[in-house]
Amino acid sequence: MKAMSLRTQRRNEFLDITHEVSKAVSESGQTEGVAVVYVPHTTAGVTINENADPSVVHDILLTLEELVPHLRSGYRHSEGNSDSHVKASVVGPSVTIPFEGGRLQLGTWQGVYFCEFDGPRYRHFMVQVVGG
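Residues numbered from 1 in each chain as written. Predicted model: local features only at pLDDT ≥ 70, side-chain atom pairs only at ≥ 80, totals over all residues. Heavy atoms only, no water.

Peer 1: An account of unusual backbone geometry is requested, with residue identities and associated values reported.
Peer 2: Residues glycine 119 and proline 120 are joined by a peptide bond in cis, for which omega reads 0°. Note on placement: proline 120 falls in the loop between strand E7 (110-116) and strand E8 (122-131). (Helix = DSSP H or I, 4+ residues; strand = E, 2+ residues; numbered from the N terminus.)

Have a look at this one:
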């Protein structure tokens, strides 16, 4: 398993980690299998979505904020980041990506994104490469 770190700059942001995941697969020496990307945080997640047009990331973040607003009456969690926990639960902590010939089998427009919902913070994610 390869552990990696990053630093987020905003409260809510998506960081493209496709290159890092691809590099982990390449360094593993495996040519076929799956790569599992896991985020061990309760207020962050990981997703796969379009990476050709940055407007898509903007629209996803805009929609998540509208559906799960930062400040809302009724939240009980005392740290003031209840929305971050909900967003992380909606997005999820892991993705699984097949690879063949040592290359991730993502669609033409797809990228892998670390999803920050309680930044800025120093964060970690892990890539487990499983050969098949």
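Resuming the write-up.
Peer 1: Let's hear about the packing of aromatic side chains: which residues, and what values?
Peer 2: Summed over all chains, the structure comprises 3 aromatic pairs. Look at phenylalanine 14 and tyrosine 113: their rings are 5.8 Å apart centre to centre, the planes differ by 45°, and that puts the pair in the tilted class. Here phenylalanine 14, found in strand E2 (residues 13-16), pairs with tyrosine 113, found in strand E7; they are 99 residues apart in sequence, far enough to count as distant. Neither phenylalanine 14 nor tyrosine 113 differs from the other in exposure class; each is buried. (Phe/Tyr/Trp six-rings, centres within 6.5 Å; stacked < 30°, edge-to-face > 60°. Buried < 20%, exposed > 50% of the residue type's maximum accessible area, 1.4 Å probe, protein only.)

Peer 1: Quick rundown of the sheet that holds strand E6 (residues 103-104)? Include the residues and the values.
Peer 2: Taken in spatial order, the 5 strands line up as E1-E8-E3-E5-E6 in an open sheet, and their pairing is antiparallel. Since the sheet does not close on itself, it has two edges, and those belong to strand E1 (2-7) and E6, each with one partner. Direction of pairing for strand E3 (residues 32-38) relative to strand E5 (residues 94-100): antiparallel, over a ladder of 7 bridges. Counted as the bridge partner of valine 37 is valine 95 from E5. Helix H1 (residues 18-28) contacts E1, E3, E5, E6 and E8 of the sheet and is inclined by roughly 40° relative to E8. (Pairing = 2+ DSSP bridges. Contact = heavy atoms within 4.5 Å. Axes fitted to C-alpha atoms, helices over the stretch in contact; angles between N-to-C directions.)

Peer 1: Account for H1, with residues named and values stated.
Peer 2: Among the residues of H1, those classed as buried are Thr18, Val21, Ala24 and Val25. The buried residues of H1 occupy an angular sector of 130° when the element is viewed end-on, so they sit on one face. Exposed residues on H1 whose side chains face more than 90 degrees from its buried face are His19 and Ser26. A positive phi of about 80° marks glycine 29, the residue just after H1. (Arc of directions from axis to C-beta.)

Peer 1: Can you break down the environment of asparagine 49 residue by residue, with the values?
Peer 2: By the element assignment, asparagine 49 lies in strand E4 (residues 44-50). Its relative accessible area of 29% is what places asparagine 49 among the partly exposed residues. For the pair formed by asparagine 49 and tryptophan 109, sequence separation is 60 residues and the distance between their alpha carbons is 7.7 Å. Excluding anything up to four places from it in sequence, asparagine 49 contacts Val56, Ile60, Trp109, Gln110, Gly111 and Tyr113.

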